[in-house]
Amino acid sequence: MSIRVVVADDQELVRSGFTMILDAQPGIEVVAEAGDGVEALEAVRRHTPDVLLLDIRMPVMDGIEAARAVCAESTCRVVMLTTFDVDSYVYDALYAGASGFLLKDVRRDDLVHAVRVVAAGDSLLAPSVTRRLVADFVRRGRTTESVSVTTSPAQRLAVLTAREEETLRLLARGLSNAEIAAAFVVSEHTVKTHVSNVLSKLALRDRVQAVICAYESGLVVAGETTDGND
């Protein structure tokens with residue numbers, strides 16, 4: 001079954017370029033294009049895509065508002081598109097429920113990879129810029145709507161087992177399932193189970209929200225990495 005995608009960007013050249021790239025890939029189908037946030041939301045409602053590539057800055061309804069609506073009423077995964085690698089709107093996008101973001105000058109192969117990764121239920125956490133953005137977001141002490149709770153962040157983690165808490169810690173540091181499996185000396189299937197349990201117990205949508213939760217709870221300190229490159 002093909003991965004169904006909606007591409008939303010107010011710049012026609014960008015929109016058509018992404019569409020051509022994705023439509024040329026086996027197993028990916030662009031089912032609709034949109035030029036603003038309202039059109040994007042309507043396209044998701046009409047076509048029920050797996051992934052929405054959504055520009056942050058658009059007329060009529062901006063990408064943040066559109067992402068919030070899409071994530072609230074559907075299972076469609078949202079990837080935000082931005083022109084700059086440091087964009088204050090990205091912070092809002094993460095808390096709106098987006099599964100990550102891409103720069104508009106993304107390479108062809110990275111665009112295709114991102115769509116496949118997000119459609120599979122993962123998030124775009126590998127690029128170091130994403131981790132820096134999340135860390136900086138938490139340092140600012142901003143509040144969240146999509147990850148809001150009545151208990152303190154630290155109290156939330158009490159429901160996790162020791163292995164699940166360590167899984168969350170490694171997720172927040174940007175490790176992939178394969179890297180976590182190597183660290184635990186277990187199979188990737190086992191790691192996927194741990195990740196699923198973490199998301200379920202903490203009522204989180206995806207790995208992006210898991211990272212934010214890890215920083216907010218103090219489980220991971222902003223700026224910490226395992227590779228020392230950030």
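Q: Go over the overall build of the protein, please, and point to the residues and values.
A: A count of helical and extended segments in the protein gives 11 helices and five strands. Burial statistics for the protein: of 230 residues in total, 50% are counted as buried. Sequence separation of at least 24 residues holds for 68% of the intrachain contacts in the protein that already meet a minimum separation of 6. A total of about 10600 Å² of accessible surface is found on the protein, and carbon and sulfur atoms cover 50% of it.

Q: With reference to specific residues and values, describe the sheet that holds strand β1 (residues 3–8).
A: Spatially, five strands are ordered β2-β1-β3-β4-β5 in an open sheet, and the strand pairing comes out parallel. If you trace the sheet from one side to the other, it starts and ends with β2 (28–34) and β5 (101–103), each paired once. Averaged over all adjacent pairs, the angle separating strand axes in this sheet is 25 degrees, with direction ignored. For strand β3 (residues 51–55) and strand β4 (residues 77–82), the ladder comprises five bridges, and the chain directions are parallel. From the neighbouring strand, Leu54 faces β4, where its bridge partner is Met80.

Q: A description of the pattern of salt bridges should follow, citing residues and the corresponding values.
A: Following the criterion strictly, the structure yields eight salt bridges and no others. Between Arg45 and Glu73 there is a salt bridge, and its shortest N-O distance comes to 2.7 Å. You can see Arg45 sitting in helix α2 (residues 37–47) and its partner Glu73 sitting in helix α3 (residues 63–73), a full 28 residues away along the chain. For Asp110, the salt bridge goes to Arg107, with nearest N and O atoms at 3.0 Å. Judged by its relative accessible area of 59%, Arg107 is exposed.

Q: Pulling in residues and values, what's your account of the pairing of β2?
A: Each regular strand carries side chains that alternate between the two faces of the sheet. β2 sits mainly inside the fold: five of its seven residues count as buried. As judged from the six bridges shared by β1 and β2, these two strands associate in the parallel manner. Counterpart to Ala8 in the pairing with β2 is Ala34. As for the winding sense of the linkage, the β-α-β connection from β1 through helix α1 (residues 12–23) to β2 is right-handed.

Q: Lay out the nonpolar core with the relevant residues and their values.
A: In terms of nonpolar packing, the biggest core is built from 26 residues, with Ala8, Leu52, Leu54, Val70, Val78 and Met80 touching the most fellow members. No other element matches α3, which puts five residues into this core. Filtering out sequence-adjacent residues up to four positions away, Met80 remains in contact with Leu54, Asp55, Ile56, Gly63, Ile64, Ala67, Ala93, Ala98, Gly100, Phe101 and Leu102. With 23 residues, the next largest nonpolar core counts Leu168, Ala172, Leu204 and Tyr215 among its residues.

Q: Mind laying out α2, listing which residues take part and the relevant values?
A: Along α2, the residues classified as buried are Gly37, Ala40, Leu41, Ala43 and Val44. With its buried residues spanning 160 degrees around the axis, α2 presents them on a single face. Away from its buried face by more than 90 degrees, α2 exposes Arg45 and Arg46. The inward-facing, buried residues of α2 contact β1, β2, β3 and α3.

What counts, and where the lines are drawn
Starting from 1, residues in each chain are numbered consecutively following that chain's sequence as written. With the structure being a predicted model, the display of local features is reserved for residues of pLDDT at least 70 and the display and counting of side-chain atom pairs for 80 or more, all residues being used for whole-chain, interface and lining totals. Side-chain descriptors were evaluated using all non-hydrogen atoms of the structure, hydrogens and water having been removed beforehand. Runs of E in the DSSP output that reach at least two residues are strands. Runs of H or I that reach at least four are helices, and both are numbered from the N terminus. Partly exposed residues are those whose accessible area sits between 20% and 50% of the maximum for their type, while under 20% is buried and over 50% is exposed, using a 1.4 Å probe and protein chains only. Between two residues, a contact is recorded if the distance between any of their heavy atoms is within 4.5 Å. Surface exposure here means Shrake-Rupley accessible area, sampled with a 1.4 Å probe, where a residue is shielded only by the protein chains that are shown. If DSSP finds at least two bridges between two strands, the strands pair. Lines fitted to C-alpha atoms define the axes here, with helix axes fitted over just the stretch in contact, and angles between the N-to-C directions of these axes take values from 0 to 180 degrees. When a carboxyl oxygen of Asp or Glu lies within 4 Å of a side-chain nitrogen of Lys or Arg, that pair is called a salt bridge. A crossover counts as right-handed when, viewed with the strands pointing away from the observer, the path leading from the first strand over the helix to the second turns clockwise. Side-chain atoms within 4.5 Å are what join buried Ala, Val, Leu, Ile, Met, Phe, Trp, Tyr and Cys residues into a set we call a nonpolar core. Directions are taken from the helix axis to each C-beta atom, and the arc is the one they span.

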